[in-house]
Amino acid sequence: MGLFTPPRGHGGLPFHHFPLLGRDTGYGNIGKDYRVYYSMIAFHGAVSAKRAEVTNASEEDLKKLDDYLWNSLVTETVTRSKIGQRPLLYLRVEYSSPEAMKGDLRRFVSVKEKGESVRDFSDLEVDLTPLLNLVKGNDVVRVHVKCSEEFTKFCEEVKKTGKGSQ
C-alpha cells in the first residue's frame, strides 16, 4: 500500500504553459490544465509468492522493489503533472500464510477533512489505528515500511512490534 501527495495547484484556475506563439502562426497553442490544491492518493498491489518462485525473485529483489517504488516518487517527479508529488507511506506486508492475506489495505486507513477545504496535509485527519492493529496481529510476520515525516509516529509504532523493517 502506498500513499502520496500530488502537486498543489491553484484552486482549479488554469495554468497556461505554452508560449503565446499562436497569434503569429494562426494556430492556437495555448494549453490549459486544471489542478487541485491538495489530494492524497493511495494505491495497492501484491507480490505473488508463486510467481516469485518461478522468476527466482530473492529477498534482495524485493528490497530493491521497495526502494524503487518509494524513490520513484522522490526523484522521478519531473513532469509538469507530477511536480510536488511526494510519498507519505509505503508498506509491504508479509503474512503467515496465503490464507492470512487481508487484500487491499486502504480499507484500514481513514481520512477525514478537518474543515471545508483541503490545502495541505494539515487539513486532514488520518487514522492509521486499524492498520497498526492489523500489523500487530498474528497473521502478519513482517512489515517493510517507509514513512514521510507526517507518518513518523506510525513507523515508530510498527518498529515497536518487532515486525518492522525499513
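**Q** Break down the overall build of the chain for me, citing the residues and quoting the values.
**A** Broken down by element type, the chain carries 5 helices and 9 strands. Each helix and strand of the chain, ordered N terminal to C terminal, gives the series β-β-α-β-β-α-α-β-β-β-α-β-α-β. Here the contacts in the chain between residues at least 6 apart in sequence split such that 62% fall between residues at least 24 apart.

**Q** Which residues make up unusual backbone geometry, and what values go with them?
**A** Phi at Asn56 is positive, roughly 60 degrees, even though this residue is not glycine. On the secondary structure map, Asn56 appears in the loop between α2 (49–55) and α3 (59–75).

**Q** So, the nonpolar core: which residues are in play, and what are the values?
**A** Grouped together as the largest cluster of nonpolar side chains are 25 residues, with contacts concentrated most on Leu131, Val145 and Phe154. Those elements that provide at least two residues to this core are β5 (86–95), α4 (129–136), β8 (140–147) and α5 (152–160). Of all the elements, β5 adds the most residues to this core, at 5 residues.

**Q** So, the side chain of Lys163: which residues are in play, and what are the values?
**A** Looking at the element boundaries, Lys163 is found in the loop between α5 and β9 (164–165). Here Lys163 is buried and forms no salt bridge, its nearest opposite-charge partner Asp139 lying at an N-O distance of 8.6 Å. Among the polar contacts listed, one links the side chain of Lys163 to the backbone oxygen of Lys136, at a separation of 3.4 Å. A polar side-chain atom of Lys163 sits 2.9 Å from the main-chain carbonyl oxygen of Val140. In contact with Lys163, not counting residues within four places along its chain, are Val135, Lys136, Gly137, Asn138, Val140, Val141, Arg142, Val143 and Val158.

**Q** Just give me the short version of the environment of Leu134, but keep the residues and values in it.
**A** Along the polypeptide, Leu134 turns up in helix α4. Classification of Leu134 by relative accessible area gives buried; the value is 10%.

**Q** Explain the pattern of salt bridges to me, using residue names and the numbers behind them.
**A** Following the criterion strictly, the structure yields 10 salt bridges and no others. Close ionic contact of Glu94 with Arg92 constitutes a salt bridge, the shortest N to O distance being 3.3 Å. There is no split in this pair, since Glu94 and Arg92 are both buried. In this structure, the salt-bridge partner of Glu94 is Arg142, at a minimum N-O distance of 3.1 Å. Within this pair, whereas Glu94 is found in strand β5, its partner Arg142 is found in strand β8, the two being separated by 48 residues in sequence. Here Glu94 falls in the buried class, since its relative accessible area comes to 18%. One network of salt bridges, in which partners are shared, links Glu59, Asp66, Arg92, Glu94 and Arg142.

**Q** I'd like to hear about the state of the cysteines, residue by residue, with values.
**A** Within this structure, the stated rule accounts for 1 disulfide. Disulfide pairing places Cys147 opposite Cys155 at an S-S distance of 1.7 Å. Residues Cys147 and Cys155 are joined by a disulfide whose S-S torsion is about 90 degrees; by sign, that bridge is right-handed. For Cys155, a relative accessible area of 4% translates into the label buried.

**Q** Pulling in residues and values, what's your account of the packing of aromatic side chains?
**A** Under the definition given, this model contains 1 aromatic pair. Between Phe121 and Phe151 the ring centres are 5.5 Å apart and the planes differ by 80 degrees, which places this aromatic pair in the edge-to-face class. A residue pair is termed long-range when its members are at least 10 positions apart, and Phe121 in the loop between β6 (110–113) and β7 (124–127) and Phe151 in the loop between β8 and α5 qualify at 30 residues. With a relative accessible area of 16%, Phe121 lands in the buried category.

What counts, and at which threshold
Residues numbered from 1 in each chain as written. Predicted model: local features only at pLDDT ≥ 70, side-chain atom pairs only at ≥ 80, totals over all residues. Heavy atoms only, no water. Helix = DSSP H or I, 4+ residues; strand = E, 2+ residues; numbered from the N terminus. Contact = heavy atoms within 4.5 Å. Core = buried A, V, L, I, M, F, W, Y, C linked by side-chain atoms within 4.5 Å. Buried < 20%, exposed > 50% of the residue type's maximum accessible area, 1.4 Å probe, protein only. Lys, Arg positive; Asp, Glu negative; His and termini not counted. Salt bridge = Lys/Arg side-chain N within 4 Å of Asp/Glu carboxyl O. Polar contact = N/O pair within 3.5 Å; in protein donor to acceptor, adjacent residues only side chain to side chain. Disulfide = S-S within 2.5 Å. Phe/Tyr/Trp six-rings, centres within 6.5 Å; stacked < 30°, edge-to-face > 60°.

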